Amino acid sequence: SQQQFNVTSYDAMAMIIITLQALAGMWINIFIISVLCIAWVKKKRFNSNEKILLSLGCYRFGYLCIIWLHAFLSVVYTACFSVQPIPQLSAALQSFFNNSNLWVSASLCVFYCIKIANFRNTFFNYLKVRIDRIVPWLLMGSVLLSLATCILVYITNELHWNNYNTTTLGNFWKLSVSLDEHLLATFFITGFGYATAFTAVISSALLLLFSLWRHKRNMQTNSVKNLSMDAHIKAMKSILSFFFLYSINFTCLVLTLIYTSRKKNPVLFLVLVIQYAFPVVHSLILIFSNPNLEKTLLRTLSCVKCRVCRR
């Protein structure tokens, strides 16, 4: 029928778009992981910033693999989503990697804020001194929180599997569940993680902005304070870009809930595409905000360009 043709067309279009996004994101995050690991081997040490970036790159790569696999199976082998526990595992794994991305990137913002901002508060100074020791605990806490959310999502979907609409379960851009209490519970769990990470990003941005304003007001013309000003501005650019992306991501989560309840699937498809673009764009920002990654990327692109020109 015409309706079935339209659904198939939407699924194929979703598959193409998500494949392009996933491949680009995988390449970008493999690049980040490779550069950081090579630097680790050469220097024989790993600073806190690199630990966070490496963790983020690994989680992003895993997340992009999961969403691409889900998209591929949704279009090519829809029947597999009618077999338990594949739908539950898919939702749980996406939840784990997505929440890990959010928590670790929020930890990166907190790290920038504590490392660069200057306040006379005793507790803040304590954190500044101990931040390198705190980072592993932040990363471990991010994993544990993401794992807890993953388990809750799996249990919720397992308990209410009978309420799933299996006829639409295979469509990649449709949420194939009836809107009852368990779906709202799932959104609440996910939304709580998003909101908490979003709050951490906002707080870091505001604190760093206030520190920058104070530093600029009290700045004198010596090189040390000029370097501090440059560090403030560079960190502010990164955190503000994170804040902008987080705002879009959080808005997409809210729109997903709204348009799922109204079954506006074309709008939901667009929202999900924007949501899945988040890790790709954010990873690019991380590269261009890190001198070592940016320099390596530009050198790599130059080598590739030279080889192409020679051919």
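Residues numbered from 1 in each chain as written. Predicted model: local features only at pLDDT ≥ 70, side-chain atom pairs only at ≥ 80, totals over all residues. Heavy atoms only, no water.

### A short note on the packing of helix 2 (residues 48-76) against helix 4 (residues 122-159)
Between helix 2 and helix 4, the least distance of the axes is 9 Å, while the angle of their chain directions is 15°. If you check the angle between helix 2 and helix 4, you find them roughly parallel. Here helix 2 and helix 4 pass one another in a crossing that is right-handed. Here Ser48, Lys51, Ile52, Ser55 and Tyr59 of helix 2 lie close against helix 4, whose contacting residues are Asp132, Val135, Pro136, Leu139 and Val143. (Axes fitted to C-alpha atoms, helices over the stretch in contact; angles between N-to-C directions. Helix = DSSP H or I, 4+ residues; strand = E, 2+ residues; numbered from the N terminus. Parallel < 35°, antiparallel > 145°, perpendicular 65-115°, else oblique. Left-handed = near helix turned anticlockwise from the far one by under 90°. Contact = heavy atoms within 4.5 Å.)

### Describing the packing of aromatic side chains
According to the stated counting rule, one finds 6 aromatic pairs in the structure shown. Aromatic pair Trp40 and Phe46: ring centres 4.5 Å apart, planes at 15°, arrangement stacked. With a relative accessible area of 16%, Phe46 lands in the buried category. A centroid spacing of 6.3 Å and a plane angle of 85° characterise the contact between Tyr59 and Phe96, whose relative ring orientation is edge-to-face. You can see Tyr59 sitting in helix 2 and its partner Phe96 sitting in helix 3 (residues 86-116), a full 37 residues away along the chain. The exposure classification of Tyr59 matches that of Phe96, with both residues buried. Taken together through their ring pairs, the aromatic side chains of Tyr59, Phe96 and Phe97 make up a single cluster. (Phe/Tyr/Trp six-rings, centres within 6.5 Å; stacked < 30°, edge-to-face > 60°. Buried < 20%, exposed > 50% of the residue type's maximum accessible area, 1.4 Å probe, protein only.)

### Structural notes on the UniProt feature "transmembrane region" (unreviewed entry) in the chain
This chain's UniProt record puts "transmembrane region" (unreviewed entry) on residues 12-41, 61-84, 96-114, 134-155, 183-210, 239-261 and 267-289. Each end of residues 12-41 is marked by a C-alpha atom, and these two atoms are 43 Å apart; helix forms 100% of the span and strand 0%. (UniProt positions renumbered as here; feature names shortened; annotations may be inferred.)

### Observations regarding the packing of helix 3 against helix 4
Relative orientation of the contacting elements helix 3 and helix 4 amounts to 165°, with a least axis distance of 8 Å. Comparing the axis directions of helix 3 and helix 4 gives the class roughly antiparallel. In the crossing of helix 3 with helix 4, the sense of the turn from one axis to the other is right-handed. Classifying every residue of the contact of helix 3 with helix 4 by side-chain character gives 22 nonpolar, 9 polar and 4 charged. (Nonpolar A, V, L, I, M, F, W, Y, C, P; charged D, E, K, R; others polar.)

### A word on the pattern of salt bridges
Once the charged atoms of two side chains with opposite charge are near each other, the side chains can pair. Taken as a whole and judged by the stated rule, the model has 2 salt bridges. With its nearest N and O atoms 2.9 Å apart, the salt bridge here joins Glu50 to Lys43. Note on Glu50: relative accessible area 7%, which makes it buried. Across the pair Lys115 and Asp132 runs a salt bridge, and its minimum N-O distance is 3.5 Å. Of the two residues, Lys115 is situated in helix 3 and Asp132 in helix 4; the sequence distance between them amounts to 17 residues. Judged by its relative accessible area of 39%, Lys115 falls in the partly exposed class. (Salt bridge = Lys/Arg side-chain N within 4 Å of Asp/Glu carboxyl O.)

### Some details on the nonpolar core
Phe242 and Tyr246 are the most contacted members of the largest nonpolar core, which has 67 residues in total. Breaking this core down by element, the ones donating at least two residues are helix 1 (2-43), helix 2, helix 3, helix 4, helix 5 (181-218), helix 6 (223-262), helix 7 (265-288) and helix 8 (291-310). The biggest single contributor to this core is helix 3, with 13 residues. In this structure Tyr246 touches Asn101, Leu102, Ser105, Ala106, Ala197, Phe198, Val201 and Phe278, once residues within four positions along its chain are discounted. (Core = buried A, V, L, I, M, F, W, Y, C linked by side-chain atoms within 4.5 Å.)

### Description of helix 4
Taking 1.5 Å of rise per residue, 38 residues should cover 56 Å, yet helix 4 covers just 48 Å from first to last C-alpha, more than 12% shy of that figure. The largest bend in helix 4 comes to about 75°, at Ile131. Within the sequence span of helix 4, burial applies to Phe124, Leu127, Ile131, Val135, Leu139, Ser142, Ser146, Thr149, Cys150, Val153, Thr156 and Asn157. (Expected span 1.5 Å × (residues − 1). Bend = angle between axes of the 7 residues up to and from the residue.)

### Description of a nonpolar patch on the surface
On the surface, Trp27, Leu284, Phe288, Leu298 and Leu301 cluster together into a nonpolar patch covering about 480 Å² of accessible area. Of all the secondary structure elements, the ones that give two or more residues to the nonpolar patch are helix 7 and helix 8. Mapping Trp27 onto the fold places it in helix 1. The partly exposed category is assigned to Trp27, whose relative accessible area is 47%. (Patch = residues over 30% accessible without salt bridge, like charges linked within 9 Å, V, L, I, M, F, W, Y side chains within 5 Å. Areas by Shrake-Rupley, 256 points an atom, 1.4 Å probe, with all protein chains shown as cover.)

### As for the side chain of Ser142
Tracing the backbone shows Ser142 in helix 4. Given a relative accessible area of 4%, Ser142 falls into the buried group. When neighbours within four sequence positions are excluded, Ser142 is seen to be in contact with Trp103, Val104 and Ser107.

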